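So you can see what is in the structure, the chains are spelled out below.
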Amino acid sequence: MKAKTKDNIFIKLLSNPSGLIGIIIVTSYFLVALSYSFGLSPFPAAEQHVIDRLQAPSSKYLMGTDLFGRDIASRIMEGAKNSLYVALISVFLASVVGIFLGVISGFIGGHLDNLIMRIMDIFFAFPALLLALLVITVLGTGLNNAVLAIAIVYTPIFARVARGPVLAVKEMDFVQAGRGLGASSARLMLKHILPNILAPLIVQISLALSWSLLTEASLSFLGLGVQPPAASWGVMLSESRGLAERAPWLMMFPAIAISLGVLGFNLLGDGLRDVLDPRMRSRK
Amino acid sequence: MTTYLFKRFLSFIPTLIGVSLVVFFAIRLIPGDAIIATLGTEAGMLTETQRIALKKYYGLDKPAIQQYFIWGAGTLTGNLGFSVRHGKPVTQLIRERFPLTLELTILAVIISLLIGIPIGLLSAIHQNSFIDILGRLFSLIGLALPNFLIATLIIYVLSVYFHILPTSGDYASFLQDPVKNIQQLIFPAITLGFAFSASVMRMTRSSMLEVLNQDFVRTARSKGLVERRVIIRHAFRNALIPVITLIGVEIGYLLGGAFIIEQIFALPGLGRLIINAVSQREYALVQGSALFIALNVLTINLLVDLLYAALDPRISYES
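Below: a short report on this structure. (Residues numbered from 1 in each chain as written. Chains lettered and ligands numbered in written order. Predicted model: local features only at pLDDT ≥ 70, side-chain atom pairs only at ≥ 80, totals over all residues.)

### Thoughts on the overall build of chain A
A count of helices and strands for chain A gives twelve helices and zero strands. Along chain A, helices and strands appear, N-terminal first, in the series α-α-α-α-α-α-α-α-α-α-α-α. Counting only C-alpha atoms, chain A reaches 75 × 45 × 35 Å along its principal axes. Looking at chain A as a whole, 48% of its 284 residues are labelled buried. Of the contacts made within chain A by residues no fewer than 6 positions apart, 69% connect residues no fewer than 24 positions apart. (Helix = DSSP H or I, 4+ residues; strand = E, 2+ residues; numbered from the N terminus. Buried ≥ 20, exposed ≤ 12 C-beta atoms within 10 Å, placed from the backbone. Contact = placed C-beta atoms within 7 Å.)

See below:
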């Protein structure tokens, strides 16, 4: 029964224009990242071809080369792998911790709810990038620290998004019945409440993936995320500044990659929202 | 209303204490201290006596808890500490840098509203028409383009096609030289405004669509009111609340310093001050600025809530 429901959602998503385009872009993005991980890039991303510096796109270098003669196409592929790594792990961490806090907070209520939500308020008082910047300052720059920074920034959002529906669901008859039958709080939260609040959370996960992609690119652009010589679309874009007039492809390809990645996850999120939340459908 | 305001201001206190605790102790987790950060490699040449004297001078010899309370007591009197590297009080630095960020925020918000609201309205009124498709395409593109990307593109277009370098020259404040000031701020403001207009458009459109389907709009139409009046007086006014929430969030974000944009356009605003303070481990400056920004965000949230009541008479904060 459950599998059938999942199939239905997937089929509905495929027949939703936003969902379909989102799935195509996100799948391509995954494939590019995986190809790089399996060594299928035209060149090693950091390999320098000194004679071929700043080459325009050609049959040898599909997207041209940079100032060090590195192949842009291979670096775009490595960038896809790195940004996907940051996005997936940071959103996984943020969603697990955030949803856990949100569900506990909403379900138990009282002082604990007040305490958790007031702590979340403290994090909400910082603009997202400032918070990420502060975390990076404490932890230092680098890929994994960017993951942690982004995870910390998005945890309160998941807590808040999870808590709201819990307040409504916990009063419903089936939860009360479960309680009457002697189910433990943990069981009620895991088996009864969580499956019923998943819809907004799935949409949130997809949108958070697009934000984390953006935040990673922003941090790397500022020199605080992925560290050279490793490639990140943000780093590549930052490196293209000043050279854009001589070699516009340096800017063009990472720009397209970032925009497409963000667009893909945004469209997927929109499609999921249409499919999972019938109230939103009339708005489109 | 007064009671509500008083309660809201009171609720600022625990959040601000929380913010100050987070920032104060987080920054002390960083290896090294302000003396090393200030003197760099020369810190290694200090004798033990000199180091102790400097620590004492900056109050770094006391336990962290005591340092926190000393700093906390100072903030109550408006003293946010002293920036070692700038040689100025933190409050003065914020006062110097904040006007630029404020001006940039105001310009960016105006631009985003001028672009986002009309497109959102047109899109909603002509739902599923060609105009709507164009409007939605605009918002999709706007949402997918990060602001640093737009900035890079703007600089590229200006320098390659118009031979203008928007980042050149020293910054002039509006009072010093209004023309130069606007010239320097207009492109960063367009960058931020464009990026934000996509969200404004999206929110205006979806909120208008929801309102246009409601009974009171149908009633207004059936009373024979002119369509323009129905849209402006009845629908738009009610559709504004979610848009205002969005604008509130965005203003809070922008007042915190548009870090990347200030960095790219070399503007000496609050964002750039913080980025430098963070990399130079200027304890007092980071703490003071973060506290100031948090206070801004909380105040904006409060203003947004008060605006709700002004727009929608059903929302009342009277006890």
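### Comments concerning the overall build of chain B
A tally of regular secondary structure across chain B gives 13 helices and two strands. Taking the principal axes of its C-alpha atoms as reference, chain B extends roughly 85 × 60 × 35 Å. Looking at chain B residue by residue over its 319 residues, the buried ones come to 40%. In chain B, 74% of the contacts between residues at least 6 apart in sequence involve partners at least 24 apart.

### Some remarks on the packing of helix H2 (residues 17-37) of chain A against helix H3 (residues 72-108) of chain A
Residues and elements named next belong to chain A. Where H2 contacts H3, the two axes come as close as 8 Å, and the packing angle between them is 110 degrees. Here H3 runs roughly perpendicular to H2, going by the angle between their axes. The residues of H3 that touch H2, namely those facing Tyr29, Phe30, Val32, Ala33, Ser35, Tyr36 and Ser37, are Met77, Glu78, Ala80, Lys81 and Leu84. Of the residues contributing to the contact of H2 with H3, the split by class is eight nonpolar, two polar and two charged. (Axes fitted to C-alpha atoms, helices over the stretch in contact; angles between N-to-C directions. Parallel < 35°, antiparallel > 145°, perpendicular 65-115°, else oblique. Nonpolar A, V, L, I, M, F, W, Y, C, P; charged D, E, K, R; others polar.)

### Some details on the interface of chain B and chain A
Interfaces are often described in size by the accessible area the parts lose on coming together. The interface of chain B with chain A comprises 37 residues on the first partner and 31 residues on the second. Only helix H1 (2-27), helix H6 (130-144), helix H7 (147-161), helix H8 (178-212), helix H10 (227-255), helix H11 (259-264), helix H12 (270-279) and helix H13 (283-311) of chain B provide two or more residues apiece to the side of chain B that touches chain A. When residues of the side of chain B that touches chain A are assigned to their parent elements, the largest contribution, seven residues, is made by H1(B). In terms of residue class, the side of chain B that touches chain A is built from 27 nonpolar, nine polar and one charged.

### Some points on unusual backbone geometry
A:Pro228 connects to A:Pro229 through a cis peptide bond whose omega is 10 degrees. Secondary-structure assignment places A:Pro229 in the loop between helix H9 (198-221) and helix H10 (233-240). Notably, B:Ala266 is not glycine yet its phi reads approximately 50 degrees, a positive angle. With respect to the secondary-structure elements, B:Ala266 resides in the loop between H11 and H12.

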